[in-house]
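Breakdown of the fold
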Amino acid sequence: MRARQLVLDLPARPALGRADFYVSPANALALAQVDAWPGWPDGRIAVIGPEGAGKTHLVHVWAARTGARIIASADLAGLDVADVPAIAALAVEDADALPDLPDGRRGEEALFHLCNRLRAGGGSLMVTGREPPARWGLKLPDLASRLGTAGVARLEAPDDDLLSAVLVKLFADRQVDVSPEIIAYLLPRMERSFAGAERLVAALDRAALSQKRAITLRLAAEVLRQGGR
């Protein structure tokens, strides 16, 4: 097994290209729906799924293909829509968080105006969230109506193949090489979610760095006993 020299706690650099998106039965349909652009219903699609399911990855895959601008929902309230240059494609991440943001109403209004601009110009909109837009509790009826016509691409909970691939990718994002033996050991013992995989890989990386050790089965067992955090 090759091991990284454990010196600096460097931030992870996620690989978000199309080639890095591992396709499995849990996400194949959502990917196919995104790939159906520009034939989305009304030019809109909502990519939904649990935390860490790959929503951001799909946003970047689509943006690389279309040149779409990516905006976080938290940034919408401070956006002067009149100053936004003409855009043909837009992705808004975590749009389901808008109703709970301090300036959520202003953010909803900005997104509504952006929807109208895109629609008038034949543009496309992608939004992401954990549930379909109908369950977001949007306070602006006109925006709820606009997003209610969007197609829904659902990323499902991970199967074994996908979860294994996610673990490998998360380690690779941190420039850490681990053996297949480590992945096989972690898989049946970890929390079976994307968010759990992220926490576990981060915990293993921190433990290896702080103890100046490679990630071995013994270290993996120790971190799992501590809850993988």
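Our subject is the structure that appears above.
Residues numbered from 1 in each chain as written. Predicted model: local features only at pLDDT ≥ 70, side-chain atom pairs only at ≥ 80, totals over all residues. Heavy atoms only, no water.

1. Re the nonpolar core
Membership of the largest hydrophobic core comes to 44 residues, with the highest contact counts inside it found for Met 126 and Leu 186. At the level of secondary structure, the elements contributing two or more residues to this core comprise α1 (28–35), β1 (44–48), α2 (55–66), β3 (89–93), α5 (160–173), α6 (180–186), α7 (194–211) and α8 (217–225). If you tally residues by element for this core, the top one is α7, at 8 residues. Excluding residues that lie within four positions of it along the chain, Leu 186 makes contacts with Leu 167, Phe 171, Leu 200, Leu 204, Ala 220 and Leu 224. (Core = buried A, V, L, I, M, F, W, Y, C linked by side-chain atoms within 4.5 Å. Buried < 20%, exposed > 50% of the residue type's maximum accessible area, 1.4 Å probe, protein only. Helix = DSSP H or I, 4+ residues; strand = E, 2+ residues; numbered from the N terminus. Contact = heavy atoms within 4.5 Å.)

2. Thoughts on the pattern of salt bridges
Side-chain pairs of opposite charge can arise where the charged atoms are in close proximity. In this structure the tally under the stated criterion is 11 salt bridges. Residue Arg 65 pairs with Asp 35 through a salt bridge whose shortest N-O separation is 4.0 Å. Linking Arg 65 in helix α2 with Asp 35 in helix α1, this pair joins segments that are 30 residues apart in sequence. The closest approach of N and O atoms between Glu 109 and Arg 105, which form a salt bridge, is 3.6 Å. One end of the pair is Glu 109 and the other is Arg 105, both in helix α3 (residues 104–120) and 4 residues apart, which spans about a single turn. Taking relative accessible area as the criterion, Glu 109 reaches 34% and is therefore assigned partly exposed. In this structure, a network of salt bridges that share partners links the residues Arg 213, Arg 218 and Glu 222. (Salt bridge = Lys/Arg side-chain N within 4 Å of Asp/Glu carboxyl O.)

3. Topic: α5
With 14 residues, α5 extends 20 Å between its outermost C-alpha atoms, agreeing within 8% with the 20 Å of an ideal straight helix rising 1.5 Å per residue. Leu 162, Leu 163, Ser 164, Ala 165, Val 166, Leu 167, Leu 170, Phe 171 and Asp 173 are the residues of α5 that are buried. Where α5 is buried, its residues touch α6 and α7. Looking one or two places after α5, you find Gln 175, whose phi comes out positive at around 60°. (Expected span 1.5 Å × (residues − 1).)

4. What about the sheet that holds β1?
If you walk across this open sheet you meet the 5 strands as β2-β3-β4-β1-β5, and the pairing is parallel. Two strands in the sheet have a free side with no partner beyond their single neighbour: β2 (69–72) and β5 (151–154). Across the sheet, the mean angle from the axis of one strand to that of its neighbour is 20°, orientation sign disregarded. Of the pairings in the sheet, the one linking β1 to β5 comprises 4 bridges and is parallel in character. (Pairing = 2+ DSSP bridges. Axes fitted to C-alpha atoms, helices over the stretch in contact; angles between N-to-C directions.)

5. Regarding the side chain of Ser 24
Its place among the elements puts Ser 24 in the segment before α1. Excluding anything up to four places from it in sequence, Ser 24 contacts Asp 159 and Leu 162.

6. Describing the packing of α3 against helix α4 (residues 141–148)
Across the interface, α3 lies against α4 with an axial gap of 9 Å and an inter-helix angle of 45°. Compared by their axis directions, α3 and α4 come out oblique. Regarding α3 and α4, the two cross each other, and that crossing is left-handed. Contact residues: Glu 108, Leu 111, Phe 112, Cys 115, Asn 116 and Arg 119 in α3; Asp 142, Leu 143, Arg 146 and Leu 147 in α4. Of the residues contributing to the contact of α3 with α4, the split by class is 5 nonpolar, 1 polar and 4 charged. (Parallel < 35°, antiparallel > 145°, perpendicular 65-115°, else oblique. Left-handed = near helix turned anticlockwise from the far one by under 90°. Nonpolar A, V, L, I, M, F, W, Y, C, P; charged D, E, K, R; others polar.)

7. Quick notes on the pairing of β3
Of all 5 residues making up β3, 5 are buried, and the element is well covered by its neighbours. What you see with β3 is no split at all: Ala 89, Ala 91 and Glu 93 on one side and Leu 90 and Val 92 on the other are buried throughout. Pairing of β2 with β3, which is carried by 4 bridges, proceeds in the parallel orientation. Its bridge partner lying in β3, Ala 72 is registered against Glu 93.

8. Comments concerning the packing of aromatic side chains
Within this structure, the stated rule accounts for 2 aromatic pairs. Each ring, one from Trp 37 and one from Trp 62, has its centre 6.4 Å from the other, and the planes form 80°; the classification is edge-to-face. Taken together, the residues Trp 37 in the loop between α1 and β1 and Trp 62 in helix α2 connect sequence positions 25 residues apart. Residue Trp 62 is classed as buried on the basis of its relative accessible area of 1%. Note on Trp 40 and Trp 62: the rings are 5.0 Å apart at their centroids and 35° apart in plane angle, and the pair reads as tilted. Here Trp 40, found in the loop between α1 and β1, pairs with Trp 62, found in helix α2; they are 22 residues apart in sequence, far enough to count as distant. Comparing Trp 40 with Trp 62, the two get one shared label, buried. (Phe/Tyr/Trp six-rings, centres within 6.5 Å; stacked < 30°, edge-to-face > 60°.)

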